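A look at the structure
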Amino acid sequence: MSTENLPQSPDQPPRKPRVAVVFGGRSSEHGISMVTAGAVLRAIDRTKYDVLPIGITREGRWVLTADEPERMAITDRRTPEVEDLADSGEGGVVLSVDPANREVVYSEPGSVPKALGEIDVVFPVLHGPYGEDGTLQGLLELSGVPYVGSGVLASAVGQDKEYMKRVFTSFGLKVGPYVVIRPREWERDESAARKKIIDLAGDHGWPLFVKPARAGSSIGITKVDDLSGLDDAIAEAQRHDPKILVETALRGREIECGVLEFEDGPRASAPAEIPPPDAHAYYDFEAKYIDSTPGIVPAPLTPEETAEVQRLAVDAFEAASCEGLVRADFFLTEEGEFVINEINTMPGFTPISMYPQMWQASGISYPDLVDKLIQAALRRSTGLR
């Protein structure tokens, strides 16, 4: 579906596509999702699109919010909340699951539901579980509404670090050593599960990184230098996800590369390098979002290294059956080999985030990037493809 094919009356000019920007959500990345949404709302060309901001509270209620992106910023080192922008404390938004009806309905207790009109495409800027992991994408598939970004399977694979690594390995992409501790495994025999981690350190050395298996934005991650810090790290990761992933520390440079879907297929951006942050043990949440540790764009790589990481980024995009956009994160080891760490199917997307910066260095401005993603979603149908 393209812009020019939208339904219209012969007596009226073509109507603008209506974009629902959906943000917030139930995950621990709620606040970062709002920051991203503020940037997207500022960038969307209002002469080209109508926009409907829809927030999802931490409890999962869909609400209409003020179209005020300036209120969706980090203030005094605190991230914003959907509840602060909600039009009502009780009203809610419902999206039809009838593919023949893309109407959005608003209702409040004791009031007659009010139709808000149809939407043509959803721009979901949710990070983490209940939004980036295929759950929202499944709802939109049932509703027959096109959306920005990857489909159900790719979103689920991109959220679960274990299965992401399994997919990459099956396609010949190199990943670093890791172990996974599932919740039943931990409940059944904590000592055996802990031994798996200790054996990983015995084989590859300390430090280890203990992570929630299905979270992002470096939330819940602990760098563990020796056995004394392991239990606290496990507890912190399990606070965000009962399934945890433990990785060895790869010695090398952190290199990122963006992938964007064009009409003729996916292409890779200029890569970026993430230097070790001075005030942090690693590139954690505060380094990324609070202190805004700057990356180096483009990364100081040889032409051969640049071409190789761009090829691998597109390979990762294709391996996971991604659509729309992906940020692929690699280590360039001391031996000169690229090892893929992970992909992110809805990466940080503020103008200072690495994904937009890499495309800016590749000749695509932030507003143009937003427009290309919306147009790619409008071209794509829902359902099997």
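Residues numbered from 1 in each chain as written. Predicted model: local features only at pLDDT ≥ 70, side-chain atom pairs only at ≥ 80, totals over all residues. Heavy atoms only, no water.

**Some points on empty space enclosed by the protein**
Counted by the stated rule, this structure contains three cavities of 30 Å³ or more. Space inside the largest cavity adds up to approximately 100 Å³. Among the elements of the structure, α3 (152-159), α4 (161-170) and β16 (338-344) are those that each provide at least two residues to the lining of the largest cavity. Of the residues contributing to the lining of the largest cavity, the split by class is three nonpolar, five polar and four charged. Viewed by domain, the lining of the largest cavity spans two of them, domain 1 (18-149) and domain 2 (158-174 + 251-345), each represented by three or more residues. Taken as a whole, the second largest cavity encloses approximately 70 Å³ of empty space. Every residue lining the second largest cavity is listed: Pro 124, Leu 126, Gly 131, Glu 132, Gln 137, Val 148, Gly 149, Ser 150, Ser 155, Thr 345 and Met 346. Residues belonging to the lining of the second largest cavity are distributed by class as follows: four nonpolar, six polar and one charged. (1 Å grid on protein atoms, 1.4 Å probe; cavity = no way out; pocket = protein on both sides within 12 Å on 5 of 7 lines; lining within 4 Å. Points joined across faces, edges and corners; volume = space filled by probe spheres on them. Helix = DSSP H or I, 4+ residues; strand = E, 2+ residues; numbered from the N terminus. Nonpolar A, V, L, I, M, F, W, Y, C, P; charged D, E, K, R; others polar. Domains from an automatic or database assignment.)

**Points about the sheet that holds strand β5 (residues 103-107)**
Ordered by their spatial adjacency, three strands build an open sheet running β4-β5-β6, and the pairing between neighbours is antiparallel. The open sheet has two edge strands with one neighbour each: β4 (92-95) and β6 (114-118). Going from strand to strand, the sheet's axes swing by 25° on average, the running direction of each strand aside. Across four bridges, the pairing between β4 and β5 is antiparallel. By the bridge assignment for β5, Val 94 is matched with Val 105. (Pairing = 2+ DSSP bridges. Axes fitted to C-alpha atoms, helices over the stretch in contact; angles between N-to-C directions.)

**Re the UniProt feature "active site" (unreviewed entry) in the protein**
The feature "active site" (unreviewed entry), as given by UniProt, occupies Glu 29, Ser 217 and Ser 353 in the numbering adopted here. In this structure, the largest cavity is lined, among the annotated residues mentioned, by Glu 29. Inspection of the secondary structure assignment puts Ser 353 in the loop between β16 and α10 (354-361). Note on Ser 353: relative accessible area 10%, which makes it buried. Among the polar contacts made by the side chain of Ser 353, one reaches the side chain of Thr 350 at a distance of 2.8 Å. (UniProt positions renumbered as here; feature names shortened; annotations may be inferred. Buried < 20%, exposed > 50% of the residue type's maximum accessible area, 1.4 Å probe, protein only. Polar contact = N/O pair within 3.5 Å; in protein donor to acceptor, adjacent residues only side chain to side chain.)

**Let's talk about the packing of α3 against α4**
Following both chains from N to C, one finds α3 and α4 inclined at 110°, their axes separated by 5 Å at the closest point. Between α3 and α4, the angle is such that the two are roughly perpendicular. Side by side, α3 and α4 meet where Val 157, Gly 158 and Gln 159 of the first sit next to Lys 161, Tyr 163, Met 164 and Val 167 of the second. Classifying every residue of the contact of α3 with α4 gives four nonpolar, two polar and one charged. (Parallel < 35°, antiparallel > 145°, perpendicular 65-115°, else oblique. Contact = heavy atoms within 4.5 Å.)

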